[in-house]
Amino acid sequence: VDLGGSVEESALSQEPIIAVVPIMILCMLLLVMIQMQSFRLMAIVLAAAPLGLIGVVVALLASGAPLGFVAILGVLALVGILIRNSIILVHEIQQLLLRGRDRWTAVFEASDSRARPILLTAAAASLALIPISRQVFWGPMAYAMMGGIIVGTLVTLIFVPALYCVVFGVRAPEAKAS
């Protein structure tokens, strides 16, 4: 049995992208490692990226759009957006630690101060995809990215600080008894 038609064409069009994915992953790991300068921080940042797939699946199922070549390109772009959001959050935590905050306060303040900019940029990116969401060719990519950005950003704002606390053993300060 030989594949033919649109399945064969789809496989042929995906080969060049699949060939460079390992190089792309290595470059991303290298850049995140250079930025974070810590394996633990890099792991925290990268752990948030797959969470965007929750939104991708929900959006594609709800819209009825296929997970084809164009949607996969959207998922690759989505990974970069979610990693950027995580880097912003973790970098702010590290900056607050350098300014003398304890870990709990740094995590809390960074989550609070970075939530608004991260949410606003996610909203802007999602809204910018609406015009192409109704197109036959670009629609699946738009739905995949919109769902992934919305869910991934919300999950990142909760998951990254929580994971940071788990990895570094951060505990809430003891309440003072009166």
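For the structure itself, look to the data block above.
Every chain is numbered on its own, with residues counted from 1 as its sequence reads. Per-residue local features are limited, in this predicted model, to residues with pLDDT of at least 70; the limit for side-chain atom pairs, both in listing and counting, is 80 or more; totals at the level of whole chains, interfaces and linings are taken over all residues. To get the side-chain values, take all heavy atoms of the structure and skip hydrogens and water.

A. Spotlight on the overall build of the protein. The helix count covers DSSP runs of H or I at least four residues long, the strand count covers runs of E at least two residues long, and both are numbered beginning at the N terminus. From N to C terminus, the protein includes seven helices and zero strands. Beginning at the N terminus, the succession of helices and strands in the protein can be written as α-α-α-α-α-α-α. Across its three principal directions, the C-alpha atoms of the protein cover 75 × 30 × 25 Å. Across the 178 residues of the protein, 37% fall into the buried class. Under the convention used here, a 1.4 Å probe and the Shrake-Rupley method define accessible areas, while residue burial counts only the protein chains that appear. Of the roughly 10500 Å² of accessible surface on the protein, 70% is carried by carbon and sulfur atoms. The positive count covers Lys and Arg only, the negative count covers Asp and Glu only, and His and the chain ends enter neither. The atoms used to mark charge sites are NZ of Lys, CZ of Arg, CG of Asp and CD of Glu. Separation of charge centres in the protein, based on 10 positive and 9 negative side chains, amounts to 17 Å. Exposure is judged per residue with a 1.4 Å probe applied to protein chains only, and the accessible area is read against the type maximum: over 50% gives exposed, under 20% gives buried, and values in between give partly exposed.

B. Main features of helix 5 (residues 103-128). Here helix 5 is 26 residues long and its end C-alpha atoms lie 36 Å apart, about the 38 Å a rise of 1.5 Å per residue gives. Fitting axes to the seven residues that end at a residue and to the seven that start at it, the angle between those axes gives the bend at that residue. Of all the bends found along helix 5, the most pronounced is centred on Ala-115 and spans about 35°, while Pro-117, a proline, follows it within four residues. Looking at the buried residues of helix 5, the elements they touch are helix 4 (69-98), helix 6 (130-133) and helix 7 (139-168). Take the residue count of a helix, subtract one, and multiply by 1.5 Å to get its expected span. Any two residues having at least one pair of non-hydrogen atoms within 4.5 Å are treated as being in contact.

C. Focus on the packing of aromatic side chains. Ring pairs are drawn from Phe, Tyr and Trp, using the six-membered ring of Trp, whenever the two centres fall within 6.5 Å, and their geometry is named by plane angle: stacked under 30 degrees, edge-to-face over 60, tilted for the rest. Counting across every chain of the model gives two aromatic pairs. Plain terms: the ring middles of Phe-137 and Trp-138 are 4.8 Å apart, the flat faces sit at 85° to each other, and that makes the pair edge-to-face. Aromatic pair Tyr-164 and Phe-168: ring centres 4.6 Å apart, planes at 35°, arrangement tilted. Within this pair, Tyr-164 and its partner Phe-168 are both found in helix 7, separated by four residues, close to a single helical turn. Neither residue differs from the other here; Tyr-164 and Phe-168 are each classed as buried.

D. Quick look at the pattern of salt bridges. For this document, the term salt bridge refers to a Lys or Arg side-chain nitrogen within 4 Å of an Asp or Glu carboxyl oxygen. Applying the stated rule across the entire model yields one salt bridge. A salt bridge links Arg-101 to Glu-109, with the shortest nitrogen-to-oxygen separation between them at 3.0 Å. On the basis of relative accessibility, which here comes to 33%, the residue Arg-101 falls in the partly exposed class.

E. Expanded view of unusual backbone geometry. Positive phi is not limited to glycine here, since Gln-37 has a value of about 55°. The exposed category is assigned to Gln-37, whose relative accessible area is 67%.

F. Spatial organisation of the side chain of Ser-126. Tracing the chain through its elements places Ser-126 in helix 5. Discounting residues that sit within four places of it in the chain, Ser-126 has contacts with Met-146, Ile-149 and Ile-150.

G. Inspection of the nonpolar core at higher detail. By nonpolar core we mean a set of buried residues, namely Ala, Val, Leu, Ile, Met, Phe, Trp, Tyr and Cys, connected to one another through side-chain atoms within 4.5 Å. Formed by 26 residues in total, the largest nonpolar core has its most connected members in Val-32, Met-36, Leu-41, Ile-44, Val-45, Val-90 and Tyr-164. Broken down by secondary-structure element, the contributors of at least two residues to this core are helix 1 (5-36), helix 2 (39-47), helix 4, helix 5 and helix 7. Discounting residues that sit within four places of it in the chain, Val-90 has contacts with Met-36, Leu-41, Ile-44, Val-45 and Val-160. The next biggest cluster of nonpolar side chains, apart from the first, holds 18 residues, and it includes Val-70, Ile-81, Met-141 and Met-145.

H. Spotlight on the packing of helix 4 against helix 5. To get an axis, fit a line to the C-alpha atoms, keeping to the stretch in contact for a helix; angles then go from 0 to 180 degrees between the N-to-C directions. In contact at an axis separation of 8 Å, helix 4 and helix 5 are set at 145° when each is read in the N-to-C sense. Every pair of crossing elements has a handedness; the one defined by helix 4 and helix 5 is right-handed. Residue-level inspection shows Arg-84, Asn-85, Ile-88, Leu-89, Glu-92, Ile-93, Gln-94, Leu-96 and Leu-97 of helix 4 in contact with helix 5, the latter providing Arg-103, Ala-106, Val-107, Glu-109, Ala-110, Ser-111, Ser-113, Arg-114, Ile-118 and Thr-121. Put simply, Ala, Val, Leu, Ile, Met, Phe, Trp, Tyr, Cys and Pro go in the nonpolar bin, Asp, Glu, Lys and Arg in the charged bin, and everything else, Gly too, in the polar bin. Classifying every residue of the contact of helix 4 with helix 5 by side-chain character gives nine nonpolar, five polar and five charged. Should the near helix be turned counterclockwise from the far one by less than a right angle, the crossing is left-handed, whereas a clockwise turn marks it as right-handed.

I. Here's a closer look at the environment of Arg-171. Checked against the element boundaries, Arg-171 lands in the segment after helix 7. Arg-171 sits 72 residues away from Arg-99 along the chain, and the two C-alpha atoms are 19 Å apart.

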